[in-house]
Amino acid sequence: MKYWDDFFKQEEQQEYYQQLMGFLREEYQTKTIYPPQEDLFTCFKACPYEDVKVVMLGQDPYHEVHQAHGLCFSVRKGVKIPPSLRNIYKELKNDLEIDIPSHGYLMDWAKQGVFMMNAVMSVVEGHAGSHQKKGWEMFSDHVMQALNEHEEGIVFLLWGNWAIKKAELISNPQHRILTSAHPSPLSANRGFFGSRPFSKTNEYLKELGREPIDWRIGE
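By convention here, each chain's residues receive numbers from 1 onward along its written sequence. A pLDDT threshold of at least 70 governs which residues receive local features in this predicted model, and a stricter bar of 80 or more applies before side-chain atom pairs are shown or counted, although totals over entire chains, interfaces and linings include all residues. Hydrogens are left out, water is left out, and the side-chain values use all remaining heavy atoms of the structure.

Asks: What is the right way to read the pattern of salt bridges from this model?
Replies: Two side chains of opposite charge can pair, provided their charged atoms sit close to one another. The salt bridge criterion pairs a side-chain nitrogen of Lys or Arg with a carboxyl oxygen of Asp or Glu, the two atoms within 4 Å. Considering all chains together, one arrives at 8 salt bridges under this definition. Lys-31 is the salt-bridge partner of Glu-27, the closest N and O atoms lying 2.9 Å from each other. Three labels apply to residues, based on accessible area from a 1.4 Å probe with only protein chains included: buried if under 20% of the type maximum, exposed if over 50%, partly exposed otherwise in between. Glu-27 gets classed as buried once you look at its relative accessible area, which sits at 6%. Looking at Lys-31, the relative accessible area reads 42%, which means it is partly exposed. Residue Asp-141 is joined to Lys-166 by a salt bridge in which the shortest nitrogen-to-oxygen separation is 2.5 Å. With Asp-141 in helix H6 (residues 136–148) and Lys-166 in the loop between helix H7 (161–164) and strand E6 (176–180), this pair connects stretches of sequence that are 25 residues apart. A relative accessible area of 25% means that Asp-141 is categorised as partly exposed. The exposure class assigned to Lys-166 is buried, which follows from its relative accessible area of 8%. Helix and strand assignments come from DSSP, with helices taken as H or I runs of at least 4 residues and strands as E runs of at least 2, each series counted from the N terminus.

Structural data, given as structure tokens:
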């Protein structure tokens, strides 16, 4: 966590971040907010900056009960696999012939250096996009800028127009960017299926002299 600790200390000095945290304190006290407060920054705890090899950027968290736990697209074991993740698993099977996992808990990826952040990191229960334009966008821009400065090459997986907009923050020529449609049922047929992001990511990692990801999810 060392680098991320320094990163947070820097953000905490900034007015936008103080306002965002004040807003969130009020929201958590008065509404049902996902992910639970203790899970808000799971993606940072699960994947130290020094270890980041792949960045997977989501839009905002799942907004139904028990789903969001601070890693984009992931749900805890025992929770029904949401449609976007089901489509990610379908593409994983088509791409690398990996059997579709029985659960949606993606911590195995995070532990190997897949940093899975939502660009907006909180949401009101049942109200998708309800915490947009409260400061998270600036925060996630700053995270992307910090990742852009990483000493080693990173593969950025940007799915959907919302994530693709962040590509302009990635200027370091050592990084690689893979874009496609979003895996949600509304858009997966428009370019996510068949994009082979998992094998392409591993090819890039090998080119960059980094260990590829084992995309299998344990039971």
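Asks: Quick question: what am I supposed to make of the sheet that holds strand E3 (residues 114–118) here?
Replies: Strands pair in a sheet through their backbones, by hydrogen bonds, and they do so in one of two ways: parallel or antiparallel. We call two strands paired when DSSP finds no fewer than two bridges between them. Strand order in the open sheet made by the 4 strands is E3-E2-E5-E6, with parallel pairing throughout. Edge positions in the open sheet fall to E3 and E6, since each of these has one partner strand only. With direction set aside, neighbouring strand axes in the sheet form an average angle of 20°. Where strand E2 (residues 54–58) lies against E3, 5 bridges are found, and the strand directions are parallel. Paired with Gly-58 across the strands is Asn-118, a residue of E3. Working rule for contacts: check all heavy atoms of both residues, and any pair within 4.5 Å makes them a contact. Where helices are involved, their axes are fitted lines through C-alpha atoms of the stretch in contact, as for all axes, and angles between N-to-C directions lie from 0 to 180°. Packed onto the sheet, helix H8 (residues 197–207) meets E2, strand E5 (155–159) and E6 and runs at close to 160° relative to E5.

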